[in-house]
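If you want the building blocks of each chain, they are given just below.
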Amino acid sequence: MTITHVVTEQTTWKKIAEAIRSGNAKESFNVGDIITVDLKDGVTMRIAVAGINTYVENEVVFAFKDILPEEHYMNEHYTNEGGYEASDMAAYLDTDIFALLPDDLQEVIKERRGHKLWLFSRREVFGEDGRYICPDEDVHLPYYKETENRVKLRNGKSDWWWLASPSAANTTIFANVSNTGYSGNYYADYSYGVAPGFCI
């Protein structure tokens, strides 16, 4: 059984960033803590703490616990050529979705591999699997080691969501996560749920 702590106190993203960068992340947060965010289009999303000091010291990895209301394809065309970096999805998150974040959150997000919002790799969500291409430095994030945390809601119902990892054996497929939290994959031009991550 897992008990999830929900962050209920009033704060700002600036204060959250200050706590993280001062070395107090582990005192301030636990993996699985939830913060609610009101996007500029009026949609409220839940954000989870996915990892603390996972890649660098004094940094927290956050994950959208909810799937964004609108589905989106990885690529308009039937290909995974160039991987996530060259995908339509990467451009969509960098522009359309980043613009929906509150201004104070936009100001404190750090870039990771040139992006402020990005999709998680298959390794970050499920661990090792040679069938998919993942950045060498990626690790299985603590938050996603629990199956229930891989189940995400879109408009109140569990749904499938995309991962950043292209298939190593097929030039048209990216990894994804099923509505029950298990590993899947599908063609890049199909629209699925979007649940990005970011670092502070």
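Keep in mind that this is a model prediction, so the values were computed, not measured. (Residues numbered from 1 in each chain as written. Predicted model: local features only at pLDDT ≥ 70, side-chain atom pairs only at ≥ 80, totals over all residues. Heavy atoms only, no water.)

Before going further, it helps to spend a moment on helix 2 (residues 88-97). In an α-helix, one full turn covers 3.6 residues, which means residues spaced three or four apart are oriented alike. The set of residues buried in helix 2 consists of Met-89, Ala-90, Tyr-92, Leu-93 and Ile-97. Along the axis of helix 2, the buried residues cluster in a sector spanning 160 degrees; they form a single face. (Buried < 20%, exposed > 50% of the residue type's maximum accessible area, 1.4 Å probe, protein only. Helix = DSSP H or I, 4+ residues; strand = E, 2+ residues; numbered from the N terminus. Arc of directions from axis to C-beta.)

Another aspect to go through is the packing of aromatic side chains. Considering all chains together, one arrives at 17 aromatic pairs under this definition. Ring geometry for Phe-29 against Phe-62: centres 6.4 Å apart, planes inclined by 85 degrees, an arrangement best described as edge-to-face. Here the residue Phe-29 occupies a position in the loop between helix 1 (13-28) and strand 1 (34-38), and Phe-62 occupies one in strand 3 (residues 60-64), the gap between them amounting to 33 residues. Residues Tyr-186 and Tyr-190 carry aromatic rings whose centres are separated by 5.1 Å and whose planes lie at 70 degrees to one another, so their mutual orientation is edge-to-face. Accessibility expressed as a relative area gives 41% for Tyr-190, which makes it partly exposed. (Phe/Tyr/Trp six-rings, centres within 6.5 Å; stacked < 30°, edge-to-face > 60°.)

A separate point is unusual backbone geometry. Of note, Asn-58 is a non-glycine position whose phi angle comes to about 60 degrees, a positive value. In this fold, Asn-58 is placed in the loop between strand 2 (44-52) and strand 3. Positioned with a positive phi, Arg-113 is a non-glycine residue whose angle comes to about 50 degrees. Locating Arg-113 in the fold gives a position in the loop between helix 3 (103-108) and helix 4 (122-126). On the basis of relative accessibility, which here comes to 35%, the residue Arg-113 falls in the partly exposed class.

The next subject is the pairing of strand 1. Here five bridges tie strand 1 to strand 2, and the two strands are oriented antiparallel to one another. Across the sheet, the residue bridging to Ile-35 is Ile-47, located in strand 2. What sits between strand 1 and strand 2 in their antiparallel hairpin is a turn of five residues, with Gly-42 showing a positive phi close to 90 degrees. (Pairing = 2+ DSSP bridges.)

Let us now look at the side chain of Asp-129. Here Asp-129 is to be found in the loop between helix 4 and strand 5 (152-154). Polar side-chain contacts of Asp-129 include one of 2.6 Å to the side chain of Arg-131. (Polar contact = N/O pair within 3.5 Å; in protein donor to acceptor, adjacent residues only side chain to side chain.)

Within the secondary structure, Gly-23 is located in helix 1. Residue classification places Gly-23 among the partly exposed residues on the basis of a relative accessible area of 35%. Each C-alpha atom of the pair Gly-23 and Val-108 lies 16 Å from the other, and the pair is 85 residues apart in sequence.

Our focus in this paragraph is the environment of His-140. As for its placement among the helices and strands, His-140 is situated in the loop between helix 4 and strand 5. Classification of His-140 as partly exposed rests on a relative accessible area of 25%. In this view, His-140 contacts Arg-123, Glu-124, Val-125, Phe-126, Gly-127 and Lys-145; residues no more than four positions away in its chain are not counted. For His-140, the side chain forms a polar contact with the main-chain oxygen of Val-125, separated by 3.1 Å. (Contact = heavy atoms within 4.5 Å.)

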